[in-house]
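Notes for the structure review
Here are the chains, one letter per residue:
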Amino acid sequence: MAAPATDAGEFESWLNNRLDTLEVDREVYGAYILGVLQEEESDDEKKDALQGILAAFVDEDTVEDVCTQIIQRWTEWCSRSAAKNDIKDVEVQAIASMIEKQAQIVVKQKEVSEESKKRKEALLAQYANVTDEEDEAEEDEAASGNNMPGPERSLFKNTNVEEVLHRQKQKREQAREDSQKKKEMDKMQREKDKLAKQDRKEKEKKRTQKGERRR
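In short, a report on the structure.

What counts as what
Residues numbered from 1 in each chain as written. Predicted model: local features only at pLDDT ≥ 70, side-chain atom pairs only at ≥ 80, totals over all residues. Heavy atoms only, no water. Phe/Tyr/Trp six-rings, centres within 6.5 Å; stacked < 30°, edge-to-face > 60°. Axes fitted to C-alpha atoms, helices over the stretch in contact; angles between N-to-C directions. Helix = DSSP H or I, 4+ residues; strand = E, 2+ residues; numbered from the N terminus. Parallel < 35°, antiparallel > 145°, perpendicular 65-115°, else oblique. Left-handed = near helix turned anticlockwise from the far one by under 90°. Contact = heavy atoms within 4.5 Å. Nonpolar A, V, L, I, M, F, W, Y, C, P; charged D, E, K, R; others polar. Expected span 1.5 Å × (residues − 1). Buried < 20%, exposed > 50% of the residue type's maximum accessible area, 1.4 Å probe, protein only. Core = buried A, V, L, I, M, F, W, Y, C linked by side-chain atoms within 4.5 Å. Salt bridge = Lys/Arg side-chain N within 4 Å of Asp/Glu carboxyl O.

Per the counting criterion, the structure on display carries 5 aromatic pairs. One aromatic cluster in this structure is built from Phe11, Trp14, Trp74 and Trp77.

As structure tokens, then:
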């Protein structure tokens, strides 16, 4: 098994201790053995290389067992390191997925903001159109010679929604006031007509009675 791309500190510590028990110079042979384990692909190739190194220090009867132990320990360490790397990969993927979801949320919020902006612009355009009453007012102003220059008239037309709504509210209130005043005026006129009619009746009655007395 090839060495994972991680620090071999844990295995290297064990290897140095094992070389000490074999009375092998760790400073000279520790890094050499570690290089063999990292470079050779198959266990047989590793074992042959290790036996060539340790044969000068270990008995012929035990050198094979020592090499097998070193290789097994190396394989176990590589497996643990690979598992740790897998866990890190999962964590990295989870973080990446979270970042991607957050990015999607930001994009959706931006899309909603753009849609809201478009609706607002459409509403502004709708209320910025000149109403029929404004057209009539402009025609009256033109007839009286009170014409505004083109840019100023355009600026007047392009009023914001709040101003238009406020103006419409004022118009509605004015219409209600005018209607109420008209009702009151109509009522007063009816009372006046009633009194005038009664007065005419009284005068006609007096004229009739006066004519009868003359006869």
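From this point, things continue past the structure.
With that settled, the discussion passes to the packing of helix H1 (residues 9-21) against helix H2 (residues 26-39). One way to put it is that H1 packs onto H2 with a least axis distance of 10 Å and a crossing angle of 130°. Classified by the angle between their axes, H1 and H2 sit oblique to one another. Crossing angle aside, the handedness with which H1 passes H2 is right-handed. Along its contact with H1, which presents Phe11, Glu12, Leu15, Asn16, Asn17, Leu19 and Asp20, the element H2 presents Arg26, Tyr29, Gly30, Ile33, Leu34 and Leu37. Class assignment of the residues belonging to the contact of H1 with H2 gives a composition of 7 nonpolar, 3 polar and 3 charged.

Across its 14 residues, H2 extends 19 Å between first and last C-alpha, which sits within 8% of the 20 Å expected from 1.5 Å per residue. By the burial criterion, the buried members of H2 are Gly30, Ile33, Leu34, Gly35, Val36 and Leu37.

Ranked by size, the top nonpolar core spans 23 residues in total, and within it Phe11, Ile33, Leu37, Leu50, Leu54 and Ile70 carry the most contacts. Going through the elements one at a time, H1, H2, helix H3 (43-54) and helix H4 (63-128) are the ones with two or more residues in this core. It is H4 that contributes the most residues to this core, 8 residues altogether. Among all residues touching Leu50, those that are not within four sequence positions of it are Ile33, Val36, Leu37, Cys67, Ile70 and Ile71.

Attention now moves to unusual backbone geometry. At Glu23, a residue that is not glycine, the phi angle is positive and equals roughly 60°. Tracing the backbone through its elements, the reader meets Glu23 in the loop between H1 and H2. On the basis of relative accessibility, which here comes to 71%, the residue Glu23 falls in the exposed class.

Counted by the stated rule, this structure contains 6 salt bridges. Salt-bridge contacts for Asp186 lead to Lys182; the nearest nitrogen and oxygen are separated by 3.2 Å. Residue Asp186 and its partner Lys182 are located together in helix H7 (residues 161-214), separated by 4 residues, close to a single helical turn. For the salt bridge of Glu204 with Arg207, the shortest nitrogen-to-oxygen distance reads 2.4 Å. Linking Glu204 with Arg207, this pair stays in helix H7, spanning 3 residues, or about one helical turn. Residue classification places Glu204 among the partly exposed positions, given a relative accessible area of 41%. Among the residues examined, Arg207 registers a relative accessible area of 51% and is labelled exposed.

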